[in-house]
Amino acid sequence: MTKFKFPDHISDRILDLCTSSETVSSLLAREPNFSPSDAWNQLYGRHALKKRSLGFGKEEKEEEETLDGSGEVDSDGQGLTTYYKSPPTPPHSPRLAQEHLDRAEKCGKWGSKKPSELFLQIYHDALCTLDDDPLRGMVSPPLLGTCGTVPLTIISVIPDIARHMANLIYRAKHEIFLATNYWQSSVASTYLTNAIRDLNRRLASEAQFSHENKIALKILYDRGTPKQLLSRHQIVSPDTYTDASTIDLPHPDEIPFIDMQVMNFHTPIVGTFHAKYLVVDRRVAMLQSNNIQDNDNLEMATHLEGPVVDSLWDMAMISWYKHLEPGMPCVDSPASEAWGREKEVEETGVGQIERKVEVKRLAVTQEPPTTGTTTQATVTPKVPQNTIEEPHYDASMAVEVARIQTSLASKLDPGRSVVETHLQAVTRLLNHTQNPNFTADPLAPDPVNNPNNKMTPYLFLPHHQASIQGQDQNPEPVPMALVNRAPYGLPNHSSISNPQNAAWLSALRNATHTVFIQTPTLNAAPLLPAILDACNRGVQVTCFVCLGYNDAGELLPHQNGHNEMVAHQLYSSLSPEARQNLHYYWYVGKDQTKPLVQSKGLRSCHIKLMVVDGHVGIMGNGNQDTQSWFYSQEINVMIDSEEVCETWMKGIMRNQNTAIYGALDKEKGMWLDPDGKEADGVIGVDPGGRMKRWAKGAVGAVKRVQGIGGF
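What comes next is a walk through the structure. Source: prediction; values computed, not measured. (Residues numbered from 1 in each chain as written. Predicted model: local features only at pLDDT ≥ 70, side-chain atom pairs only at ≥ 80, totals over all residues. Heavy atoms only, no water.)

**Topic: the overall build of the protein**
Basically, it comes down to this: Helix and strand assignments come from DSSP, with helices taken as H or I runs of at least 4 residues and strands as E runs of at least 2, each series counted from the N terminus. Burial here depends on accessible area, computed with a 1.4 Å probe over protein chains only, as a share of the maximum for the residue type. Under 20% is buried, over 50% is exposed, and the range in between is partly exposed. The contact criterion used is simple: two residues touch if any of their non-hydrogen atoms lie within 4.5 Å. Throughout, the Shrake-Rupley method with a 1.4 Å probe supplies accessible areas, and for residues the shown protein chains are the sole cover considered.
In terms of helices and strands, the protein carries 23 helices and 22 strands. Counting all 711 residues of the protein, 62% fall into the buried class. A separation of at least 24 residues holds for 79% of the contacts in the protein among residues at least 6 apart in sequence. Accessible surface, the protein as shown: approximately 26100 Å² in total, 51% of it carbon and sulfur.

Rendered as structure tokens:
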């Protein structure tokens, strides 16, 4: 593969673009007849960029703007295993000079908190990739560096994430933008379609709404079709999206107060739309790891508020590409302008209103949790779970938390005897729709006497909770940045230079103490030498990876191998001393004591997270695999906050048993049970000869397209 040298400075053009007041969003507000692609091309197309060429050297070439982020260097697309013992793709340079950090700081609107040096180093490297083509970042440059808050993080199975999505949909006042890679008619999708129908009923009961004043709903997903060889963005007809066997969305006749438009987006051949997010009323957003389907995955979602929502809204418009019919009602109502003025009044305690189409009251006897580590709310057993058979929509995030946490509390009969322990409730949650009869490992510890180790699906940040319990203040926003990548369709390894990849590599290069990575798959060729280099410098690198995740697909040519092979090769490439700095684990479910290979469909993990030196976190859609590094559209948020990262890490550690039971043997580079045996059903570190690997890979590729493989 051709070695690629990342740009190493922020050009005058990028500084000019990032400090401009013009964005795709602002131009859409001013020019209602524009499509997002019209707005992008006017601001950042080839001719627009030529006018902004401030300080370009003669050697820098122009590239035709195609609004697909595909302008990349040539590559021979050959095998990548030679990267193992070569330096990281970005050159090892000395720490950025202070003027470079100052330049990066000017390229964002950070709120009242100054970004840390580590954050600015990573952000600087991400910005450098945009000089040839700003669309690699999939957001208007002035909105790359921003700020916001993280009032809620969810680390749980898909139904728990769908429950919060359903609440946000039901609370919508003006517009909803929902995007996912794979939408499948399922229990997960039913939470959302129930919420859409119930939102329509709510609107019908509110006098101010009429058929001329509807909520706009845009849904974007990826189901590749031959038509996308001609146009990547295909508007989906009601006949297609109402098919109960595939998508099963409501028919427009069912929801007259909601104007729904559905799009299928794919960049042929392999440029998957892998993004997963929700933006409601341009005031709140969710960024998540999960698709809309039923499986056994543990997933992660982050609820975001503040100016960062404008960045995600702008990215959603760019992804939509075509004319918005109808337009978005909040096009001229940015979150940044409302921040600090529109404070949603959230009530807690007795008398909290619950919405379930008609108004009811929720039996909450005491306040919900008051810290991010409290596991159970003190509530009556009458609090029902939000299910697809009986939806419940809470007007307060605090009561949502109480409802979810209560579902995992030990259950007592009238005689005060335990009828369901916390661990049994965890097993019920992890089984949900997929494995109703699967049981917990009898040796798995029940943290009945250790409240700090109980599974806690919904994690409130303590500092946000303080603000919603009577104190008249908004949470202070923290520095954030979107570090995305655009889709790339050609099956080669050219599309390497983008903010996502640069951020991950820069994080490993600039870390001084610790790097934590959780991902379903880890095999991206540019990442592996960066991990080795960090370990050789003495940085403690911890990787939580899912055993067997999409093994077959990762054995295809140019995918760089399956998880077991990569872990073994990483350990084999380190000296005995440096090997002690690499801590590799296979995912272990909260009710288990050993990793279960993903092909069994029992306990898998799909979380995508990196935390560096305890205070810079990157989460979102991107896996650490070849597909996410070179082809798919990915959306990720980078956050500079010790508080947020600590909350994330506590949730990661307490909601799985990976750190207790999943460690690989550092000398052998593999996981072994106490009897020295590998996990049942694994391929092993040696998957066999080329033809055998490719045959397995073909099977995996088919499963991915069908939505039943790891993606």
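Here the narrative resumes.
**Some remarks on the packing of helix 7 (residues 158–171) against helix 12 (residues 397–406)**
Defined as follows: Convention adopted: a line fitted to C-alpha atoms gives each axis, helices being fitted over their contacting stretch, and angles between N-to-C directions are expressed from 0 to 180 degrees. The cut-offs work like this: below 35 degrees is roughly parallel, past 145 is roughly antiparallel, 65 to 115 is roughly perpendicular, and the gaps in between are oblique. Less than a right angle of anticlockwise turn of the near helix away from the far helix marks a crossing as left-handed, whereas a clockwise turn marks it as right-handed.
Running from amino to carboxyl end, helix 7 crosses helix 12 at an angle of 150°, the nearest separation of the two axes being 12 Å. By the angle class used here, helix 7 and helix 12 are roughly antiparallel. Every pair of crossing elements has a handedness; the one defined by helix 7 and helix 12 is right-handed. Side by side, helix 7 and helix 12 meet where D160, R163, H164, N167 and R171 of the first sit next to M397, E400 and I404 of the second.

**Some remarks on the environment of D665**
Heads up, the rule is: Definition of a polar contact: a pair of N or O atoms within 3.5 Å, with one able to donate and the other able to accept a hydrogen when the atoms are protein atoms, and with sequence-neighbouring residues admitted only if both atoms are side-chain atoms.
Take D665: it is sitting in the loop between helix 22 (658–661) and helix 23 (690–706). Between the C-alpha atoms of D665 and Y571, which are 94 residues apart in sequence, the distance is 9.4 Å. Side-chain polar atoms of D665 contact the backbone nitrogen of E667, separated by 2.9 Å.

**Notes on unusual backbone geometry**
Most peptide bonds adopt trans geometry, and most residues besides glycine take a negative phi value. In this model, P268 is joined to I269 through a cis peptide bond whose omega is 10°. Following the sequence through the fold, I269 ends up in the loop between strand 5 (258–265) and strand 6 (277–280). For the peptide bond that leads from E325 to P326, omega is 0°, which places it in the cis range. Structurally, P326 can be placed in the loop between helix 10 (308–320) and helix 11 (335–338). For D281, which is not glycine, the phi torsion reads 55° and is therefore positive. Turning to its location among the elements, D281 is positioned in the loop between strand 6 and strand 7 (284–288).

**What to know about the pattern of salt bridges**
This is how it is decided: Within this document, salt bridges are pairs made up of a side-chain nitrogen of Lys or Arg and a carboxyl oxygen of Asp or Glu, the two lying within 4 Å of each other.
Counting across every chain of the model gives 21 salt bridges. Across the salt bridge formed by E476 and K113, the nearest N and O atoms sit 4.0 Å from each other. Of this pair, E476 sits in the loop between helix 14 (462–468) and strand 15 (478–482) while K113 sits in the loop between helix 5 (98–105) and helix 6 (117–128), and the two are 363 residues apart along the sequence. Taking the relative accessible area as the measure of exposure, E476 reaches 35% and is therefore partly exposed. With relative accessibility at 32%, the residue K113 sits in the partly exposed group. In this structure, R282 engages D310 in a salt bridge whose closest nitrogen and oxygen atoms are separated by 3.0 Å. Of this pair, R282 sits in the loop between strand 6 and strand 7 while D310 is found in helix 10, placing the two residues 28 residues apart along the sequence. Across the pair, exposure class does not vary: R282 and D310 are buried alike.

**Some remarks on helix 15 (residues 499–510)**
Threshold: Multiplying one less than the number of residues by 1.5 Å gives the expected span of a helix.
The terminal C-alpha atoms of helix 15, which comprises 12 residues, lie 16 Å apart, in line with the 16 Å expected from a rise of 1.5 Å per residue. Those residues of helix 15 not exposed but buried are P499, Q500, N501, A502, A503, W504, L505, S506, A507, L508, R509 and N510.

**What about the state of the cysteines?**
Applicable threshold: Only a pair of cysteine sulfur atoms within 2.5 Å qualifies as a disulfide here.
Enumeration according to the criterion identifies 0 disulfides in this entry. Note on C546: no disulfide assigned, nearest cysteine sulfur contributed by C605 at a separation of 6.5 Å. For C546, a relative accessible area of 1% translates into the label buried.

**Some details on the packing of helix 6 against helix 15**
Stated formally: For this classification, the nonpolar set comprises Ala, Val, Leu, Ile, Met, Phe, Trp, Tyr, Cys and Pro, the charged set comprises Asp, Glu, Lys and Arg, and every other residue, Gly included, is treated as polar.
Axis separation between helix 6 and helix 15 bottoms out at 8 Å; the angle between their running directions is 140°. Considering the relative orientation of helix 6 and helix 15, their crossing is right-handed. In contact with L118, Q121, I122, D125 and A126 of helix 6, helix 15 contributes P499, A502, A503, S506, A507, R509 and N510. Class assignment for the residues of the contact of helix 6 with helix 15 results in 7 nonpolar, 3 polar and 2 charged.

**Examining the packing of aromatic side chains**
This is how the line gets drawn: Two rings from Phe, Tyr or Trp (for Trp, the six-membered ring) form a pair when their centres are within 6.5 Å of each other. A pair whose planes differ by under 30 degrees is stacked, one over 60 is edge-to-face, and the rest are tilted. Criterion for a charge above a ring: Arg CZ or Lys NZ at most 6 Å from the ring centre, at most 35 degrees from the ring normal.
Scanning the model with the defined rule gives 14 aromatic pairs in all. When the centroid spacing of 6.3 Å and the interplanar angle of 65° are considered together, the rings of Y571 and Y584 count as edge-to-face. One end of the pair, Y571, is in helix 18 (residues 563–572); the other, Y584, is in strand 18 (residues 582–586), with 13 residues separating them in the sequence. Aromatic rings pair up to connect W110, F119 and Y123 into one cluster. Across the ring face of Y170, the terminal group of R202 is positioned such that the distance to the ring centre comes to 5.8 Å. Over the aromatic face of W313 sits the side chain of R282, whose NZ or CZ is 4.1 Å from the ring centroid.

**A short note on the side chain of Q592**
Inspection of the secondary structure puts Q592 in the loop between strand 18 and strand 19 (604–605). Once residues lying within four places of it in the same chain are set aside, the contact partners of Q592 are F438, T439, A440, D441, A444, R603, N657 and Y661.

**As for the pairing of strand 22 (residues 636–640)**
As a reminder of what qualifies: Strand pairing is defined by DSSP finding a minimum of two bridges between the two strands.
Burial of strand 22 is extensive: 5 of the 5 residues sit out of reach of the surface. Residues N636, M638 and D640 line one face of strand 22 and the alternating positions V637 and I639 line the opposite face, and both faces are buried. Sheet analysis places strand 15 next to strand 22, joined by 3 bridges and oriented antiparallel. Among the inter-strand pairings, M480 is bridged to a residue of strand 22, identified as I639. The sheet contact formed by strand 21 (residues 616–620) and strand 22 spans 5 bridges and is antiparallel.

**Comments concerning the nonpolar core**
The line we're drawing: Nonpolar core, defined: a set of buried Ala, Val, Leu, Ile, Met, Phe, Trp, Tyr and Cys residues in which side-chain atoms within 4.5 Å join the residues together.
Core analysis: the biggest nonpolar cluster contains 138 residues, and Y123, F177, Y277, L522, I531, L582 and Y584 have the highest contact counts within it. With 9 residues, the top contributor of residues to this core is helix 10. Filtering out sequence-adjacent residues up to four positions away, F177 remains in contact with K218, L220, Y277, L278, V279, A316, M317, W320 and M328. The next biggest cluster of nonpolar side chains, apart from the first, holds 45 residues, and it includes L168, L203, Y241 and L278.

**Observations regarding the environment of W110**
Relative to the helices and strands, W110 is located in the loop between helix 5 and helix 6. W110 gets classed as buried once you look at its relative accessible area, which sits at 7%. C-alpha of W110 to C-alpha of C147: the two residues are 37 residues apart in sequence and 5.1 Å apart in space. In contact with W110, not counting residues within four places along its chain, are A104, E105, P115, F119, Y123, G145, T146, C147, P479 and M480. For W110, the side chain forms a polar contact with the main-chain oxygen of E105, separated by 2.8 Å.

**Regarding helix 3 (residues 36–44)**
Quick reminder of the rule: In this context, the arc is that of the directions from the helix axis out to the C-beta atoms.
Burial in helix 3 covers these residues: P36, S37, A39, W40, L43 and Y44. Take helix 3 and look down its axis: the buried residues cluster within an arc of 160°, on one side only.

That is the geometry; function is a separate question.
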